[in-house]
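Fold and geometry: a report
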Amino acid sequence: MSPEYVPSLFPPETLARLRQVVDIDPARILQRFDEPDVQNTLAEAQVLITGWGCPRLDADALERLPKLRAAVHAAGSVKGHATPVCWERGIAISSAADANAAPVAEYTLAAILFAGKGVFEHRERYRRDRVFTLGDLYGNVGNYGRRVGIIGASRIGRRVIELLRPFDFDVSVHDPYLTTADAAALGVRAVSLDELVATSDIVSVHAPATPSTRHMLDRKRLAKMPDGAILVNTARGSLVDTAALTGELVAGRLSAVLDVTDPEPLPAGSPLFTLPNVFLTPHIAGSQGNELARIGRAAADEVERFCLGRPLRHAVALADLETAA
């Protein structure tokens, strides 16, 4: 992994836990598998602890790791480094995506509550006019009975649904892999994507980035969203047609809370930076700062389980890559 992440991911107490079950040298952080001075170490390694910046575990890399039995990822998606040959070799792959889902869901909840309350619009009005009012007492502002549509009953999508439960929202979900019974168990309604965008006041995106989901919110579907609706995207920018969304936002018909964009970063001249109906953040919904320690702890839990001969709690199967973020 990239070395700058290590102190935050693995504070002293987590390193102490790891040292109880594995022979580990925290000062030796690999960034490439072909570094000449680590070949002897790789030849004996049974477990890899990986993170952001890990090179691909392809056939060439695995030739240098003949004894490798598990790769525990102290980050979210394993798509960037795990290749099919890992599973062909019987190597156990684990991910801390569940731990990383927590702050994304929290960010989404905050965005939904603030957006439904009209906070962003009132902030801009107050900043512009310097006139204090009691807000919009009679307008379409407030979260009572607000219709929220969740795209993707993913790990994060399900966490968001759980976090929304104590509030007075009317929640629907679209996910092609979610059955009606599963939706009922989650306490939400399963609907088609077209119905969701047409009937939701707030649409929150939690689907993975795959060829089939690219621009799933295209010009046609964005046009179906009601006037004044709000789009929240903490998933991947490619799921939304940026040009089409920009057109809707410039026109003022929709608003958006965007933590991800396509492209990322946006060009300096993008109107999304200055539009009053856009709240834009630089891909921060995932683990930041002290939240990284949660990921490191999750990785340490998995290493412990593996060394004790227990099943990994967050094992990733090859088939999961087709539908995972």
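Residues numbered from 1 in each chain as written. Predicted model: local features only at pLDDT ≥ 70, side-chain atom pairs only at ≥ 80, totals over all residues. Heavy atoms only, no water.

**As for the packing of helix H6 (residues 97-117) against helix H7 (residues 119-129)**
Running from N to C, H6 and H7 point in directions that differ by 60°, and their axes come no closer than 5 Å. The orientation of H6 with respect to H7, classified from their angle, is oblique. Residues Ala-111, Phe-114, Ala-115 and Lys-117 of H6 form the contact with H7, whose participating residues are Val-119, Phe-120 and His-122. Its residues placed into classes, the contact of H6 with H7 shows 5 nonpolar, 1 polar and 1 charged. (Axes fitted to C-alpha atoms, helices over the stretch in contact; angles between N-to-C directions. Helix = DSSP H or I, 4+ residues; strand = E, 2+ residues; numbered from the N terminus. Parallel < 35°, antiparallel > 145°, perpendicular 65-115°, else oblique. Contact = heavy atoms within 4.5 Å. Nonpolar A, V, L, I, M, F, W, Y, C, P; charged D, E, K, R; others polar.)

**Examining the side chain of Arg-146**
If you trace the backbone, Arg-146 turns up in the loop between H7 and strand S4 (147-151). The side chain of Arg-146 is buried and forms no salt bridge, while Asp-201, the nearest opposite charge, is found at 4.2 Å. Within the structure, the side chain of Arg-146 is placed 3.0 Å from the backbone oxygen of Gly-116, a separation counted as a polar contact. A polar contact of 2.8 Å, which involves the side chain of Arg-146, links it to the backbone oxygen of Gly-142. Look past the residues within four positions of Arg-146 in its chain and what remains in contact with it is Gly-116, Asn-140, Val-141, Asp-168, Phe-169, Asp-170, Asp-201 and Ile-202. (Buried < 20%, exposed > 50% of the residue type's maximum accessible area, 1.4 Å probe, protein only. Lys, Arg positive; Asp, Glu negative; His and termini not counted. Salt bridge = Lys/Arg side-chain N within 4 Å of Asp/Glu carboxyl O. Polar contact = N/O pair within 3.5 Å; in protein donor to acceptor, adjacent residues only side chain to side chain.)

**Focus: the pattern of salt bridges**
Counted by the stated rule, this structure contains 18 salt bridges. Of the charged contacts, one joins Arg-127 and Glu-124 as a salt bridge, the two residues approaching to 3.4 Å between their closest N and O atoms. Of this pair, Arg-127 and Glu-124 both sit in helix H7, separated by 3 residues, roughly a single helical turn. For Arg-127, a relative accessible area of 49% translates into the label partly exposed. Take Glu-124: its relative accessible area is 16%, and that puts it in the buried class. When salt bridges with common partners are traced through the structure, they connect Arg-17, Asp-301 and Glu-304 into a single cluster.

**A word on the sheet that holds strand S8 (residues 230-233)**
Overall, parallel pairing links the 7 strands, which are arranged S6-S5-S4-S7-S8-S9-S10 in an open sheet. Each edge of the open sheet carries a strand with a single partner, namely strand S6 (189-190) and strand S10 (278-280). Where strand S5 (residues 170-174) meets S6, 2 bridges bridge the pair, whose relative direction is parallel. Paired with Ser-172 across the two strands is Arg-189, which belongs to S6. (Pairing = 2+ DSSP bridges.)

**Some details on the sheet that holds strand S1 (residues 47-50)**
Strand order in the open sheet formed by 3 strands is S1-S2-S3, and the pairing between neighbours is parallel. On the outer flanks of this sheet lie S1 and strand S3 (92-95), each paired with one strand and no other. Adjacent strand axes in the sheet meet at a mean angle of 15°, parallel and antiparallel pairs treated alike. With 4 bridges connecting them, strand S2 (residues 70-73) and S3 associate as parallel partners. Bridge pairing in S3 places His-73 opposite Ser-95. Across the sheet, helix H13 (residues 292-307) touches S1, S2 and S3, and the angle it forms with S2 is around 160°.

**Focus: the domain arrangement of the chain**
On domain assignment, one finds that the chain holds domain 1 (3-99 + 289-320) and domain 2 (101-280). At the junction of the two partners, domain 1 supplies 6 residues and domain 2 supplies 8 residues. Among the residues of domain 1 in contact with domain 2, Ala-97, Asp-98 and Arg-294 are the three that bury the most area, contributing 59% of the side total. Where domain 1 meets domain 2, there are 2 salt bridges. Here Arg-159 and Asp-98 are joined by a salt bridge, their closest N and O atoms 3.5 Å apart. Where domain 1 touches domain 2, the interface holds 5 residue pairs in polar contact (both at pLDDT 80 or more). (Domains from an automatic or database assignment. Buried area = accessible area lost by both parts, 1.4 Å probe.)

**Description of the packing of H6 against helix H8 (residues 155-164)**
The N-to-C vectors of H6 and H8 enclose an angle of 50°; their axes lie 8 Å apart at closest approach. Taken together, the axis directions place H6 and H8 in an arrangement best described as oblique. Considering the relative orientation of H6 and H8, their crossing is right-handed. For the pair H6 and H8, contact is made by Ala-97, Asp-98, Ala-101, Ala-102, Val-104, Ala-105, Glu-106, Thr-108, Leu-109 and Ile-112 and by Arg-155, Ile-156, Arg-159, Val-160, Leu-163 and Leu-164, respectively. Each residue belonging to the contact of H6 with H8 can be placed in one class, and the counts come to 11 nonpolar, 1 polar and 4 charged. (Left-handed = near helix turned anticlockwise from the far one by under 90°.)

**A closer look at the packing of aromatic side chains**
According to the stated counting rule, one finds 5 aromatic pairs in the structure shown. Ring geometry for Phe-114 against Phe-120: centres 6.3 Å apart, planes inclined by 55°, an arrangement best described as tilted. Overall, the relative accessible area of 14% leaves Phe-120 in the buried class. Linked through ring pairs, Phe-114, Phe-120 and Phe-279 together constitute an aromatic cluster. (Phe/Tyr/Trp six-rings, centres within 6.5 Å; stacked < 30°, edge-to-face > 60°.)

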